[in-house]
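# Observations on the three-dimensional arrangement
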Amino acid sequence: MIRLLSTDFDGTLVDHYASPPVAPVLFELFAQLQRCGVLWAVNTGRDLRFALDGLREFAFPVEPDYILTNEREIFHRNPQGEWQDYGDWNRRCLQAHERMFQTEAPMLNEMLRFIRDETRAEPIYEENKPVGLVAQNDAEMDRVIAHLHKARKPDSLFHYQRNTIYLRFCHADYSKGAALGELCRLVKISPKETFTAGDHHNDLSMLDGRYARWPAAPGNAIDEVKEAVRKAGGYVATARCSDGVVEALRHFFEVERLAPPGLA
Ligand SMILES: [Mg+2]
């Protein structure tokens, strides 16, 4: 039985090229699943405010139970209805990143030098700290990644999350997958009862079967994602974005007999 959904947002639930961007059938299915007790986490590269903006912008009539942000943080609602840190994960995550950026300062500086001298990519700063970059195109991002792997020591904690032409520097132990693993622990739901869906590089960590037994990719996902999902025994949909997520869920409910009790 599936008890927890962990879905990426942009390119997985939301099709920025379609009208409507989210298929009404997804809203209906998610509402039905929540009534059956299934929990839903948005697992996104957006920060919390931007994720909430997205849910409003695309008029989601259903609300996620959890929002996993920046490819690593976990939020839930407190009894007053405000979104707040869930457990101490976010605090530990922040500390780990502060330590990593200190010990890996030479690596970070080398990446900033490479970006400045050898690309037309732009570094991204938050609170005056370099946190990532935006490349001109995929080919330039490929070059940045290749350089990062060349410059990085094999046991380095300096890692990254790649999403289209955006890249975020991060601690190697933190990812969408790791955050989903912690959420499963907090809500006492097994990865064997967890469905996940994503479309891009930054989703790979939650699609390889470790943190969710039932991974899926919509038809518009990049080839690496489709390959990872197939390898993990998941489902690659034909339809794009939200229609693809609905297609995948129906596959798991009907073919794998994973529907929660009460699902019509
Ligand atoms: Mg995406």
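Anyway, here's the lowdown on the structure attached to this text. (Residues numbered from 1 in each chain as written. Predicted model: local features only at pLDDT ≥ 70, side-chain atom pairs only at ≥ 80, totals over all residues. Heavy atoms only, no water.)

## Details of the environment of Ala105
So the rule is basically this: Helix and strand assignments follow DSSP, with helices taken as H or I runs no shorter than four residues and strands as E runs no shorter than two, numbered in order from the N terminus. The rule is simple: take the accessible area with a 1.4 Å probe, protein chains only, and divide by the maximum for that residue type; under 20% is buried, over 50% is exposed, in between is partly exposed.
Structurally, Ala105 is set in helix α4 (residues 105–118). A relative accessible area of 26% places Ala105 in the partly exposed class. Each C-alpha atom of the pair Ala105 and Phe158 lies 9.4 Å from the other, and the pair is 53 residues apart in sequence.

## A closer look at the side chain of Glu104
Condition: His is not counted, nor are the chain ends; Lys and Arg add positive charge and Asp and Glu add negative charge. By definition, a salt bridge exists where a carboxyl oxygen of Asp or Glu is found within 4 Å of a side-chain nitrogen of Lys or Arg.
If you trace the backbone, Glu104 turns up in the loop between α3 (89–103) and α4. Buried charged residue Glu104 carries no salt bridge. Nearest counter-charge: Lys153, at 6.0 Å.

## Some details on helix α5 (residues 138–151)
Basically, it comes down to this: A helix is expected to span 1.5 Å multiplied by its residue count minus one. Taking the helix axis as origin, the arc is that swept by the directions to the C-beta atoms. Should any heavy atoms of two residues lie within 4.5 Å, those residues are counted as being in contact. Whenever a nitrogen or oxygen atom comes within 3.5 Å of another N or O atom, the pair is scored as a polar contact, on the condition that within protein one atom can donate a hydrogen and the other can accept it, and that pairs from neighbouring residues in sequence are kept only if both atoms are in side chains.
Over its 14 residues, α5 extends 20 Å from the first C-alpha to the last, a length consistent with the 20 Å expected when each residue adds 1.5 Å. Where α5 is concerned, the buried positions are Glu140, Met141, Val144, Ile145, His147 and Leu148. An end-on view of α5 places all buried positions within 160 degrees of arc, on one side of the element. Pointing more than 90 degrees away from the buried face of α5 are the exposed residues Ala139 and Lys150. Tucked into the core, α5 has its buried residues touching α4, β7 (129–134), β8 (158–163) and β9 (166–171). Taking the backbone nitrogen of Ala139 as reference, a side-chain oxygen 3.3 Å away marks Asn137 as the first, capping residue of α5.

## Structural notes on the nonpolar core
Where we set the bar: We define the nonpolar core as a collection of buried residues of types Ala, Val, Leu, Ile, Met, Phe, Trp, Tyr and Cys that are connected through side-chain atoms lying within 4.5 Å of one another.
Core analysis: the biggest nonpolar cluster contains 38 residues, and Phe60 and Phe195 have the highest contact counts within it. If you list the elements that add at least two residues to this core, you get α1 (24–35), β2 (39–43), α2 (48–57), β10 (194–197), β11 (214–217) and α8 (241–254). In contact with Phe60, other than residues within four places in its own chain, are Phe9, Leu13, Val14, Val22, Leu26, Phe27, Trp40 and Leu55. Grouped together as the second largest cluster of nonpolar side chains are 26 residues, Ile74, Ala179, Leu183 and Ala212 included.

## A short note on the layout of surface pockets
What counts is decided by this rule: Cavities and pockets were defined on a 1 Å grid built over protein atoms only: a cavity is a set of grid points that admits a 1.4 Å probe from which the probe cannot escape, a pocket is an open set flanked by protein on both sides within 12 Å along at least five of seven lines, and lining residues are those with an atom within 4 Å of any such point. Grid points are joined across faces, edges and corners, and a volume is the space filled by probe spheres set on the points. Three categories are distinguished: nonpolar for Ala, Val, Leu, Ile, Met, Phe, Trp, Tyr, Cys and Pro, charged for Asp, Glu, Lys and Arg, and polar for the others, with Gly belonging to the last.
Empty space within the largest pocket amounts to approximately 870 Å³. Lining the largest pocket we find 33 residues, and of these Asp10, Phe50, Asn163, Thr164 and Tyr166 sit closest to its centre. Counting residues per element, the lining of the largest pocket draws most heavily on β9, at three residues. Among the residues forming the lining of the largest pocket, the class breakdown is nine nonpolar, 12 polar and 12 charged.

## Digging into the coordination of the magnesium ion
Under the convention used in this document: A 2.8 Å cut-off from the metal defines N, O and S donors, relaxed to 3.2 Å for Na, K and Ca; water is not in the atom list, so some sites may appear incomplete.
Every protein donor of the magnesium ion is listed here as Asp8 (OD), Asp10 (O) and Asp199 (OD), and their distances to the metal cover 2.2 Å. For the magnesium ion, all donor residues lie on one chain, and their spacing in sequence is D-x1-D-x188-D. You can see Asp10 sitting in the loop between β1 (4–7) and α1 and its partner Asp199 sitting in the loop between β10 and β11, a full 189 residues away along the chain. Residue classification places Asp10 among the partly exposed residues on the basis of a relative accessible area of 25%.

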